[in-house]
Structure formats: structure tokens, C-alpha cells
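Fold and contact review
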Amino acid sequence: WKAGPAAGRTLDFAGTELLIMPGVFPPRSDTRLLVELLALDAGCHLLDLGTGTGALAVWAAHNGAARVVATDIAGAAAYNARENVARLGLQDRVEVRNGHMFSCISRSETFDLILANLPGRNKVAADEMAAAQWDTEFKAHRALFEGSASHLRAGGAVYMVKANYPDLPATVDLAAQHGFDTRVIGQADAEADDPRIYYALEFSPRSSR
């Protein structure tokens, strides 16, 4: 995924042809699991953190979301996502911002759902490209749970897919520390020859129950 033609390549995701630029992490079976399990309410407002190619943001706009804000810390990913939004004519519903987690979200913005397509494990990322896979010191995960409650509307929830790494229980513990209950809404095996199991997780603020 780090290499490829300069003009990018295309990939079918949930029935939509996406452009995947070199150096931008592509959607895989973990991302597909999330869209298979979620049903969006028509007219909902959605925040997609760590959008990458914009796959989830585009899917949301095609499946009922009235407004989607998609963010990514990597400039190359934000550019790629904007290209996909423009190619598909979704500029009126999807806005892509370049920034880390909630740093580019105003205090007054609230959402019905937050999707967090975060790096998989707490390992040191040597550069911006590596940060698509490794979350150094769990900074993105910490920012997610520190900021989500103030940007969720009543009854809203955060959704994420994580593999069965040691970081999975650490994520659940971190959510609990910040007042979120965790529920597994589905699971799936990874691709062939990959021993991982993916778990789709719903995080609900306790105050909303």
C-alpha cells in the first residue's frame, strides 16, 4: 500500500470505486465489517476520524447521512479523501479536514455517530506514513475517548473495529476510564492466511443510558 502508480489505483468498496493513492492505507476487511453491521438513520450527522481514503465517509454519504465530516492527520490521506469526494460528487455532504482527531472540530459541532478508523496498535510510528498503522503511546485512542462525549448528540455512539491484539482490552479499559460502555456488535475473521479476528465495537457514553 505504500507504493503503486503515482496516479493511484482503484478499489471497490461497498459498491463504490475508490481511488487509492500511494502511501494511503486502503480499506480492508476490518473496515468492510463496520459497514456490513451499521445501519444509518436518514439525515444523520457523522464524524469519520482517521478517514484515510475517505471510504467510510463516502459510504455514509451514500447510505443516508446528511452531513459527514472526515478527518485525517496525514496530508496525503486528506488529499486522497478529497479526491474521492470530488470524483463522486459528494462535496455538498462530505467535508474533509486535515488534522489530528478533534483538533479540527469546533466545540459546537455535534454528531449522531463517530466512526474511528484508528491505527491498530500501540507501537512507535517512525513517520506520518507509519502512523497509519501504529498509534504511538496510544495518543489517537486517548484523544478519541477524551473528546467524543462532548461531540456526541444524545443517544449517539462511537464505532470502531479492532483486531485481537493485546491492545483490544487496553482499548476497552481506556473507554471505561472515560465513561464509555463497550459492546461487541459483530466479528469476522481477517483475510486468508491472516490469523486475526476483527471485532466491531460500539462505545456508548454512560450518561446517555
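Residues numbered from 1 in each chain as written. Predicted model: local features only at pLDDT ≥ 70, side-chain atom pairs only at ≥ 80, totals over all residues. Heavy atoms only, no water.

Our focus in this paragraph is the overall build of the protein. From N to C terminus, the protein includes five helices and nine strands. In sequence order, the protein lays out its α and β elements as β-β-α-β-α-β-α-β-β-α-β-α-β-β. Relative to the globule expectation of 17 Å for 209 residues, the C-alpha radius of gyration of the protein, 16 Å, shows essentially globular dimensions. Expressed along its principal axes, the backbone C-alpha trace of the protein runs to roughly 45 × 40 × 30 Å. When the 209 residues of the protein are sorted by exposure, 49% land in the buried category. Surface summary for the protein: the accessible area is close to 9500 Å², and the carbon and sulfur share equals 49%. Of the charged side chains in the protein, 20 are positive and 25 negative, and the gap between their average positions amounts to 3 Å. (Helix = DSSP H or I, 4+ residues; strand = E, 2+ residues; numbered from the N terminus. Rg over C-alpha atoms; globule rule 2.2 N^0.38 Å. Buried < 20%, exposed > 50% of the residue type's maximum accessible area, 1.4 Å probe, protein only. Areas by Shrake-Rupley, 256 points an atom, 1.4 Å probe, with all protein chains shown as cover. Lys, Arg positive; Asp, Glu negative; His and termini not counted. Charge placed at Lys NZ, Arg CZ, Asp CG, Glu CD.)

Below, the discussion takes up the side chain of Thr71. Its place among the elements puts Thr71 in strand E4 (residues 67–72). Beyond its immediate sequence surroundings of up to four residues, Thr71 is in contact with Leu47, Asp48, Leu49, Gly50, Thr51, Arg97, Gly99, Met101, Cys104 and Ile105. (Contact = heavy atoms within 4.5 Å.)

Looking now at the environment of Leu11. Mapped onto the fold, Leu11 is located in strand E1 (residues 9–13). Owing to a relative accessible area of 22%, Leu11 belongs among the partly exposed residues under this scheme. Linking Leu11 and Val158, residues 147 residues apart in sequence, is a C-alpha distance of 26 Å. Filtering out sequence-adjacent residues up to four positions away, Leu11 remains in contact with Thr16, Glu17, Leu18, Ile20, Pro27 and Arg32.

The next thing to look at is the packing of aromatic side chains. The full count for this structure, using the stated rule, is two aromatic pairs. Relative to Phe203, the ring of Phe145 lies with its centre 5.0 Å away and its plane at 80°, an arrangement referred to as edge-to-face. With Phe145 in helix H4 (residues 139–147) and Phe203 in strand E9 (residues 197–205), the pair connects residues that are 58 residues apart, well separated along the chain. Pair check on accessibility: Phe145 and Phe203 agree, each one buried. (Phe/Tyr/Trp six-rings, centres within 6.5 Å; stacked < 30°, edge-to-face > 60°.)

Bringing the pairing of E1 into the picture now. When E1 meets strand E2 (residues 16–20), the two strands line up antiparallel, connected through five bridges. Bridging across to E2, Phe13 finds its partner in Thr16. Counting the residues in the hairpin turn of E1 and E2 gives two residues, including Ala14, whose phi is positive at 55°. (Pairing = 2+ DSSP bridges.)

In this section: the pattern of salt bridges. Pairs may arise between side chains of opposite charge once their charged atoms sit close together. Under the counting rule described, the total for this entry stands at 10 salt bridges. Where Glu95 meets Arg97, a salt bridge forms, and the shortest distance between an N and an O atom there is 3.0 Å. A residue is classified by how much of its surface remains accessible, and Glu95, at 37% relative accessible area, is partly exposed. Overall, Arg97 belongs to the buried group, its relative accessible area being 15%. Between Arg206 and Asp181 there is a salt bridge, with its nearest N and O atoms 2.9 Å apart. Pair noted here: Arg206 is in the segment after E9 and Asp181 is in strand E8 (residues 180–189), with a separation of 25 residues, a long-range link. Residues joined by salt bridges that share partners form a network here, namely Arg67, Glu95, Arg97 and Glu109. (Salt bridge = Lys/Arg side-chain N within 4 Å of Asp/Glu carboxyl O.)

For the rest of this paragraph, the subject is helix H5 (residues 167–177). Every buried residue belonging to H5 is among Asp167, Leu168, Thr171, Leu174 and Ala175, and all of these are buried. All buried residues of H5 fall inside an arc of 120° around its axis, so they share one side. Buried residues along H5 sit in contact with H4, strand E7 (152–163), E8 and E9. With its phi angle positive at about 85°, Gly179 sits one or two positions after the end of H5. (Arc of directions from axis to C-beta.)

Strand order across the open sheet formed by seven strands is E5-E4-E3-E6-E7-E9-E8, with mixed pairing between neighbours. With partners counted over all chains shown, the strands left at the sheet margins are strand E5 (94–98) and E8, one partner each. Pairs of neighbouring strands in the sheet enclose a mean axial angle of 20°, with direction left out of account. Relative to E5, E4 is paired through five bridges, and the arrangement is parallel. What sits directly across from Val68, in E5, is Val94. (Axes fitted to C-alpha atoms, helices over the stretch in contact; angles between N-to-C directions.)

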